[in-house]
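Report on the structure
Residues per chain are reported as follows:
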Amino acid sequence: MKSLAELEAIRKATLNRINLRTEDDSEATRVVVGMATCGIAAGARPVMLSFMDEINKRQLSNVTVSQTGCIGMCRLEPMVDVIVPGKEKVTYVHVKPEMVPRIVAEHVVNGRPVAEYTIGAAENE
Amino acid sequence: MDIYRAHVLVCGGTGCSSSGSATLIERFNEQIAAHGLDKEVKVIRTGCFGLCEAGPVVIVYPDGTFYSHVKAEDVDEIVSEHLLKGRKVEHLVYVEHATHEQNAEKKLDDINFYKHQHRIALRNCGVIDPENIDEYLAMDGYKALEKALTTMTREEVIDEVLKSGLRGRGGGGFPTGLKWKFTYQSQADQKYVACNADEGDPGAFMDRSILEGDPHAIIEAMAIAGYAIGASQGYIYVRAEYPIAVKRLSIAIDQAREYGLLGENIFETGFNFDLNIRLGAGAFVCGEETALMHSIEGKRGEPTARPPFPAVKGLFEKPTMLNNVETYANVAQIILHGADWYAAMGTEKSKGTKVFALGGKINNTGLVEIEMGTPLRKIIYDIGGGCPNGKKFKAVQTGGPSGGCLPESLLDTPVDYDNLIAAGSMMGSGGMIVMDEDNCMVDIARFYLDFIVDESCGKCAPCRIGTKRMKEILDRIVEGKGEEGDIEKLEALAETIKATALCGLGNTAPNPVLSTLKFFRDEYEAHIYEKRCPAHHCRSLLQFKIDPAKCKGCTACARACPADAITGTVKQPHVIDVKKCLKCGSCMEKCRFGAISRE
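Let us look at the structure shown here. (Residues numbered from 1 in each chain as written. Chains lettered and ligands numbered in written order. Predicted model: local features only at pLDDT ≥ 70, side-chain atom pairs only at ≥ 80, totals over all residues. Heavy atoms only, no water.)

1. Concerning the sheet that holds strand β13 (residues 404-407) of chain B
Whether parallel or antiparallel, the strands of a sheet pair through hydrogen bonds between backbone atoms. Residues and elements named next belong to chain B. The test is simple: DSSP bridges decide pairing: two strands pair if at least two such bridges lie between them. Helix and strand assignments come from DSSP, with helices taken as H or I runs of at least 4 residues and strands as E runs of at least 2, each series counted from the N terminus. With axes taken as lines fitted to C-alpha atoms, and helix axes fitted only over the stretch in contact, angles between N-to-C directions fall between 0 and 180 degrees.
Strand order in this open sheet of five strands is β11-β10-β14-β12-β13, and the pairing throughout is mixed. The sheet is open, and its two borders are formed by β11 (366-371) and β13, each paired with just one other strand. Taking each pair of neighbouring strands and ignoring which way they run, the sheet shows an average axis angle of 30 degrees. Here strand β10 (residues 353-360) runs beside strand β14 (residues 431-436); their pairing, made up of four bridges, is parallel. Among the inter-strand pairings, A357 is bridged to a residue of β14, identified as G431.

2. Focus on the pairing of β14 of chain B
Along any regular strand the residues' side chains alternate between the sheet's two faces. Residues and elements named next belong to chain B. Basically, it comes down to this: Burial here depends on accessible area, computed with a 1.4 Å probe over protein chains only, as a share of the maximum for the residue type. Under 20% is buried, over 50% is exposed, and the range in between is partly exposed.
The buried count for β14 comes to six of six residues, which makes it a mostly enclosed element. Of the two faces of β14, both are covered, the one formed by G431, I433 and M435 as well as the one formed by M432, V434 and D436. Bridge analysis of strand β12 (residues 393-398) against β14 gives five bridges, and the strand direction is antiparallel. Bridge assignment links T398 to a residue of β14, and that residue is M432.

3. Observations regarding the layout of surface pockets
Residues and elements named next belong to chain B. We count it as follows: Note on definitions: the grid is 1 Å and covers protein atoms alone; a cavity is a set of points where a 1.4 Å probe fits but cannot get out; a pocket is an open set with protein on both sides within 12 Å along at least five of seven lines; lining residues have an atom within 4 Å of a point. Grid points are joined across faces, edges and corners, and a volume is the space filled by probe spheres set on the points. Any residue outside Ala, Val, Leu, Ile, Met, Phe, Trp, Tyr, Cys, Pro, Asp, Glu, Lys and Arg is labelled polar, Gly included; the first ten of those are nonpolar and the last four are charged. For the domains described, the bounds stem from an automatic or database domain assignment.
For the largest pocket, the calculated volume is near 1,000 Å³. Around the largest pocket sit 38 residues that line it, and G170, G171, G172, G287 and E289 are the ones nearest its centre. When residues of the lining of the largest pocket are assigned to their parent elements, the largest contribution, four residues, is made by strand β9 (residues 320-324). In terms of residue class, the lining of the largest pocket is built from ten nonpolar, 19 polar and nine charged. Residues lining the lining of the largest pocket come from more than one domain, with at least three contributed by each of domain 2 (133-343) and domain 3 (379-541).

4. Some remarks on the packing of helix α6 (residues 143-151) of chain B against helix α13 (residues 325-337) of chain B
All names here are of chain B. Quick note on the threshold: Angles below 35 degrees are treated as roughly parallel, those above 145 as roughly antiparallel, those between 65 and 115 as roughly perpendicular, and all remaining angles as oblique. With the far helix as reference, a near helix turned anticlockwise by less than a right angle produces a left-handed crossing, and one turned clockwise produces a right-handed crossing. The contact criterion used is simple: two residues touch if any of their non-hydrogen atoms lie within 4.5 Å.
The N-to-C vectors of α6 and α13 enclose an angle of 60 degrees; their axes lie 8 Å apart at closest approach. Taken together, the axes of α6 and α13 lie oblique to each other. Of the two possible hands of crossing, α6 and α13 adopt the one that is left-handed. Only A332, I335 and L336 of α13 make contact with α6, whose side of the interface consists of K143, A144, K147 and A148. Here the residues of the contact of α6 with α13 are counted per class, giving five nonpolar, no polar and two charged.

The following block contains the structure:
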């Protein structure tokens, strides 16, 4: 027997889990990981898994993780785009799993891109 | 409860299951594990997506990529390309019938078949896992029950249903709220709620899909109904021929009991309600309400005269409220969003939406839910994609064996209960069978009558004997032995059966004949007076002929003929022996010179 509060908790948790199926994803933040051969070889899979771990841990709704192919800058892989609706796309390069918690905490949750990990910072070096 | 980055939804409805979706699910799980993706990608078996023609159907989220006609060997490619590398498999993506467009970026809602639909009863079908109560809860499941039990009085619930304008979706179209009110007003120590899931009309499968795809919606609605009328026990009478529906319903009932959504003292409001499944006895007439209740009681499934209506004296002699599956599927949404929201959709006397099962000579065979008042033309052409192979549309049969056939000239009729009846057919449970120029309307009428003759329970003479006599006349007509006066005999029999049969089955049994007589009388007359079938369908009236001027004597037809009815020497015109000819048409298919014709 579940109480009303327990039912509501199940609703919320399950919705988090299945909301990527709702057609309207215009509100969702998208994390797109480059997963072509170059990306995978450079270690994109552990990076993607850490994104999912982090999102799971924080029970974030409205965030989807998806994959994309090679965009031609293989030397900068693993590359990750974070697209917050209504904001410009931010591209992170040479992403390592240990960088992921910071990207999620600062950018995905609080809307402040981590400047030092971005492609702009890498190109200025 | 983990979050996955991608969900692979595989249709587990009856249509896709029979075209092999169960093996797809196995293969997906196998391949996903082999690529080490099992922590990232989840495979879910859902209910029916509706577009059965394209089955088995697979949708990959978050992209919303719609794959159709997926075979087991395609799974490897979807996993290694789309799921592993994020590259959509273009050549497996659904192709639009009208435009032949194959666009991997197109979302489900942009596809013609779905674009014009408005899904309320089917809202969760193809979206959630029907065997997982949590997913139903996430889609606001059991919120309506909570709202009704904790914030509304029984009268308010009934009032809301009444005001919504919801009418019985099983065919009768009786206002649902009134039924609830009458049962509420009956005084008794015990009342019952029942669900009619004995879907029997040829071609109709919406109730099956709702039970398979969203069983909790029915449980929730029946609990609300139980609260409103004061019943503590419900029965779902479902066809034994629907094994997947029965299984998912049983799982759903167990889960609801476990969560305390069925049972005693629900939400600590003191309201008790439980549900049991009863399997159908396998006869069409058991879908008739009095017969259905006798069958639940364990008696022979035969109708009895009304009154007394079930609202006064139903199951076990107690007041009983019986609604159809699709009717129930609307109830929770009405309670949740209010009567005004529901009543804003549809026409003056038919509110909300209706599910139709498209079948016959139509491109997009499947299940569609549209707002009441949508013209037939839009359903058949915009959603259904028209007749295949460029054939000309002839008629659409609605309402099952109790309905009728409507011709091209009535295609602009907005679909609702009253318009369909005025046009000479009826809503029925929502079967919609499309016929093209190759269908003979006399034969169609005979098919439906044949169904009725088989399914008549035999209790009353008009239905038992009358429909049999009608069928004998139709048999004669299609065999080319029709006589003058046959049409008048059919009409006289039809009127008598309509007026005197015991139950709805008999009262409406002559409808297919009457409606085809009304709109396609010329076809009957051609059969009877000219001994010819205008659609070239009735074999007894067909004659195959070889045009000696066109025949090159290639012998292809003679070799194709299974009855050795074609004779002739090489390079000389051949001849068909009419007496031996089986009228199978294989010679016509084989002839490359168009020398063979039928008339």
